[in-house]
Amino acid sequence: MQKIFFWLLLLFCSGAISAQKRPNILLIVSDDHAYQAISAYGSKLMQTRNIDRIAHGGVIFKNAFVTNSLCGPSRAVILTGKYSHVNGFKDNDHSRFDGSQDSFIKELQKNGYQTSWIGKWHLETTPQGFDFWQVLPGQGSYYNPDFLMMDGSKKRIDGYVSNIIEDISENWLDHRDTRKPFCLVIGHKATHRNWLPDTADLGKFDHQSFPLPHDFFDDYTGRKAASMQDMTIAKTLTMDYDLKIGTNDKADIGLKRMNPAQRKRYDDYYKKIADDFDARKLSGKALTEWKYERYMRDYLSTAIGLERNIGRVLDYLDTHGLSKNTIVIYMSDQGFYMGEHGWFDKRWMYEESFRTPMVMRYPGVVKPGSTCSGLVMNLDIAPTLLDAAGVQIPKDMQGKSFLPLLKKNMPIHDALYYHYYENGTHSVSPHFGVRTKQYKLICFYEKVNSWEFYDLKTDPHEMHNVYGKKEYEPKIALLRKRLKELIDQYGDKEALTILQEDKSL
Ligand code: SGN
Ligand code: CA
């Protein structure tokens, strides 16, 4: 009897130990954070010590992309490992996430992981598959934000959003069941428009000047869709909402939620800027340059709060002995424009918005200080994390685990498929396309009907659309073939119909 008990105990303990060995997962997804503003990517704009800490302790992805450069769609792709036309969340205007479908979170939960999502969610419906969640309604607020709670209530929490999301995350980690591995997703609101920094960070970039990107005054020659957008720093950024000048208290720019102390610090800071602005009487190019400087200062000051809180969660892992057995991924939901082509915002299949920053630490598997230049997508996050957790990847997931790429340098994609749908805010025409290491083919439809082709080696900033140029015909034909194959492979019927109806083919 005693012997049986001993063996049973041994069996139980070894089971518990192997369960313990499965890595914890911490996925941090920020909003609209540009790689151009991350020092690990070579940015001179600011030091991002904590994001760099993840990169230095693991790998930096130089070629990580999204399938549809927008907040809700990107999160839906990350969760499901499926393209927007399959998971159903195509754009922010009309989509609601069908939470009954499968996700990597549900698979992890079924396999003994404790799961939670804290912060920005932006998928409209109630999160499913989580042991715990506490999320911002919609875009959420920077100051004293409301949170949606699991019991259906709404709770207002005092403070600045990035700090609060981190506090809730640490509190959840403190109270989790330590017998199980965890998967925590921290969804940050920063650095989304309208870039309201923590009052503690106001003015942190006031002594820094910002050279304009060389393509800031792009005239979009040869790019019809680009010429029709509404996302320029010169014209689209608003004086009150975005640049915080002459703010009328009736305009809801996030100030109404502030308490008197926050409001005083805010007013003290922006009042001086408004007075200085009034005195200068700027117009034309000088006004545009001033707008650019203000945009950069607010954006980067908002990024400081994000950065600091990434540092806090890394410190938490260190002080609780969790760093060694926790995979940490930091990524943005998409890339963002820091004035390139004269823009802010995202949406395009052009590099700045299509590519997203992504760094990953995976002790024991990924060598610290590695660089990965293989093509990966947000579509691959779900299968990769399941692979790392030793959970079978459902066959209908469309992404691929990038662990073979990290472990054996085995490429997982030779070409990437992209499809953007929203036809509204910022007036970007819907489009789909394919990108290989060197070339990019884009088909715009609905708003603008046109094709674009870029040689990224000779034209990395995509200023010269060479679609239709004779010398590129063989390459264009090859990419068109690859595009059709990918459309078939991923089952994008809408794109297939557009291709079939296109007279230029
Ligand atoms: C809001 C912003 C847009 C932004 C979208 C989508 N306007 O509509 O500038 O592109 O969100 O962003 S605002 O006036 O409300 O700030 S996303 O990150 O959710 O996709
Ligand atoms: Ca976003």
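Here the residue index of a chain counts from 1 through its sequence in written order. Whichever chain is written first is A, and whichever ligand is written first is 1; the rest continue in order. Reporting in this predicted model follows two pLDDT cut-offs: at least 70 for local features of residues, and 80 or more for side-chain atom pairs to be given and counted; totals over whole chains, interfaces and linings ignore these cut-offs and use all residues. As a rule here, side-chain values cover all heavy atoms of the structure and leave hydrogens and water aside.

Caption draft 1: Broad picture of the packing of helix α8 (residues 260–280) against helix α9 (residues 284–319). Orientation is described by axes fitted as lines to C-alpha atoms, over the contacting stretch for helices, and by angles from 0 to 180 degrees between their N-to-C directions. In this text, helices come from DSSP runs of H or I with a minimum length of four residues, and strands from runs of E with a minimum of two, each type numbered from the N-terminal end. As a packed pair, α8 and α9 sit with axes 12 Å apart at the nearest point and diverge in direction by 170°. Classified by the angle between their axes, α8 and α9 sit roughly antiparallel to one another. Judged by residue contacts, Tyr269, Tyr270, Ile273, Phe277 and Arg280 of α8 engage Leu287, Trp290, Arg294 and Asp298 from α9. Residues were grouped as follows: Ala, Val, Leu, Ile, Met, Phe, Trp, Tyr, Cys and Pro as nonpolar; Asp, Glu, Lys and Arg as charged; and all remaining residues, including Gly, as polar. Considered class by class, the residues forming the contact of α8 with α9 number six nonpolar, no polar and three charged. If an angle is under 35 degrees, it is roughly parallel; if it is over 145, roughly antiparallel; if it lies from 65 to 115, roughly perpendicular; otherwise it is oblique. Pairs of residues are marked as contacts when any of their non-hydrogen atoms sit within 4.5 Å.

Caption draft 2: Examining empty space enclosed by the protein more closely. As defined here, a cavity is a set of points on a 1 Å grid over the protein atoms alone where a 1.4 Å probe fits but cannot get out. A pocket is an open set with protein on both sides within 12 Å along at least five of seven lines, and residues line them when an atom is within 4 Å of a point. Grid points are joined across faces, edges and corners, and a volume is the space filled by probe spheres set on the points. Tallied over the full model, the rule gives one cavity of 30 Å³ or more. Counted as a void, the largest cavity has a volume near 50 Å³. The wall of the largest cavity is formed by Leu79, Phe97, Gly99, Gln101, Ser103, Lys106, Trp121 and Gln128. Residues that form the lining of the largest cavity fall into these classes: three nonpolar, four polar and one charged.

Caption draft 3: Molecular detail of the coordination of the calcium ion (ligand 2). Any N, O or S atom lying within 2.8 Å of the metal counts as a donor, and for Na, K and Ca the limit rises to 3.2 Å; water is left out, so some sites can look incomplete. Protein coordination at the calcium ion (ligand 2): the donors are Asp31 (OD), Asp32 (OD), Asp333 (OD), Asp333 (OD) and Gln334 (OE1), at 2.2 to 2.9 Å from the metal. When four donors show all angles between 85 and 135 degrees the site is tetrahedral, when four or six donors have opposite pairs over 155 degrees and all other angles between 65 and 115 it is square planar or octahedral respectively, and in every other case it is irregular. One way to put it: the six donor atoms around the calcium ion (ligand 2) meet at angles of 49 to 169°, and that makes the site irregular. As a motif over one chain, the donors of the calcium ion (ligand 2) read D-D-x300-D-Q. Here the residue Asp31 occupies a position in the loop between β1 (24–30) and α2 (49–56), and Gln334 occupies one in the loop between β9 (326–332) and α10 (351–354), the gap between them amounting to 303 residues. There is no split in this pair, since Asp31 and Gln334 are both buried. Think of it in three bands: with a 1.4 Å probe and only protein chains considered, a residue is buried below 20% of the maximum accessible area for its type, exposed above 50%, and partly exposed in between.

Caption draft 4: Structural view of the packing of aromatic side chains. Each Phe, Tyr or Trp ring, with Trp reduced to its six-membered ring, pairs with another whose centre is within 6.5 Å; inter-plane angles below 30 degrees give stacked pairs, above 60 give edge-to-face pairs, and intermediate values give tilted ones. Applying the stated criterion to the full structure yields 35 aromatic pairs. Ring centres 6.5 Å apart and planes at 70° place the aromatic pair Trp195 and Phe336 in the edge-to-face group. With Trp195 in the loop between β8 (182–187) and α7 (224–227) and Phe336 in the loop between β9 and α10, this pair connects stretches of sequence that are 141 residues apart. Taken as a pair, Trp195 and Phe336 share a single burial class, namely buried. Ring geometry for Tyr220 against Trp343: centres 5.6 Å apart, planes inclined by 15°, an arrangement best described as stacked. Of the two residues, Tyr220 sits in the loop between β8 and α7 while Trp343 sits in the loop between β9 and α10, which places them 123 residues apart along the sequence. Chaining the aromatic ring pairs together yields one cluster made of Tyr220, Tyr337, Trp343, Trp348, Tyr350, Phe444 and Tyr454. Two conditions define a charge located above a ring, namely a distance within 6 Å from the ring centre to NZ of Lys or CZ of Arg, and an angle within 35 degrees of the ring normal. Above the ring of Tyr142, the side-chain terminus of Lys189 is found at 4.5 Å from the ring centroid. The aromatic ring of Tyr35 is capped on one face by Arg355, whose charged end is 4.2 Å from the ring centroid.

Caption draft 5: Local environment of the confidence of the model for the protein chain. On a range of 0 to 100, pLDDT expresses the predictor's confidence in each residue. When pLDDT is averaged across the protein chain, the result is 95; 95% of the residues are at 70 or more. Per-residue pLDDT stays below 50 along residues 10–20; that stretch engages in five contacts with residues further than four places along the chain or on separate chains.

Caption draft 6: Layout of α8. Every helix has an expected span of 1.5 Å times one less than the residues it contains. Taking 1.5 Å as the rise per residue, α8 with 21 residues should run 30 Å; its terminal C-alpha atoms sit 30 Å apart, in good agreement. Those residues of α8 that fall on the buried side of the exposure criterion are Gln262, Tyr266, Tyr269, Tyr270, Ile273, Ala274 and Phe277. Packing partners of the buried residues in α8 comprise α9.

Caption draft 7: Quick peek at unusual backbone geometry. The omega torsion across Ala190 and Thr191 is 10°, close enough to zero to call that bond cis. On the secondary structure map, Thr191 appears in the loop between β8 and α7. Put simply, Arg193 and Asn194 share a cis peptide bond, and its omega is 15°. The residue His122 is not glycine, and still its phi comes out positive at about 60°. Its location among the elements puts His122 in the loop between β4 (114–119) and β5 (132–135). The class for His122 is buried, based on a relative accessible area of 8%. The backbone phi angle of His426 is positive, close to 75°, even though this residue is not glycine. Locating His426 in the fold gives a position in the loop between β13 (416–420) and β14 (431–435). The class for His426 is buried, based on a relative accessible area of 6%.

Caption draft 8: Inspection of the site of ligand 1 at higher detail. If you check the shell around ligand 1, you find 16 residues, and the closest are Cys71, Tyr241, Asp345, Arg347 and His426. As used in this structure description, the phrase polar contact means that two N or O atoms lie within 3.5 Å; if the pair is within protein, one of them must be able to donate a hydrogen and the other to accept it, and residues adjacent in sequence are counted only when both atoms belong to side chains. The contact in question runs from an oxygen atom of ligand 1 to an N or O atom on the side chain of Asp31, over 3.1 Å. Within the side chain of His122, a nitrogen or oxygen atom sits 3.4 Å from an oxygen atom of ligand 1. Using the Shrake-Rupley algorithm and a 1.4 Å probe, accessible areas are obtained, with residue cover drawn only from the displayed protein chains. Contact with the protein chains covers 81% of the free accessible surface of ligand 1, which is 460 Å². Proximity criterion: a residue is near a molecule or strand once any of its heavy atoms comes within 4 Å of it.

Caption draft 9: Geometry of the domain arrangement of the protein chain. The domain boundaries assigned to the protein chain delineate domain 1 (2–196 + 295–410) and domain 2 (425–501). Taking the mean C-alpha position of each, domain 1 and domain 2 sit 29 Å from one another. Taken together, the contacts link 22 residues of domain 1 with 24 residues of domain 2. Both faces considered, domain 1 and domain 2 share a buried interface measuring about 1800 Å² in area, 56% of it formed by carbon and sulfur atoms. Buried surface area refers to the total accessible area, computed with a probe of radius 1.4 Å, that the two partners give up upon joining, counted for both partners together. On the domain 1 side of the interface with domain 2, the three residues burying the most area are Arg347, Met349 and Tyr350, jointly 33% of the side's total. Should a side-chain nitrogen of Lys or Arg be within 4 Å of a carboxyl oxygen of Asp or Glu, the pair is scored as a salt bridge. Counting across the interface, domain 1 meets domain 2 through three salt bridges. Among the salt bridges present, the one from Lys440 reaches Glu351, with a minimum N-O distance of 2.7 Å. Seen at the junction of domain 1 and domain 2, the total is 13 residue pairs in polar contact (both at pLDDT 80 or more). Of the residues belonging to the side of domain 1 that touches domain 2, the class tally is ten nonpolar, six polar and six charged. Just so you know, the domain bounds were taken from an automatic or database domain assignment.

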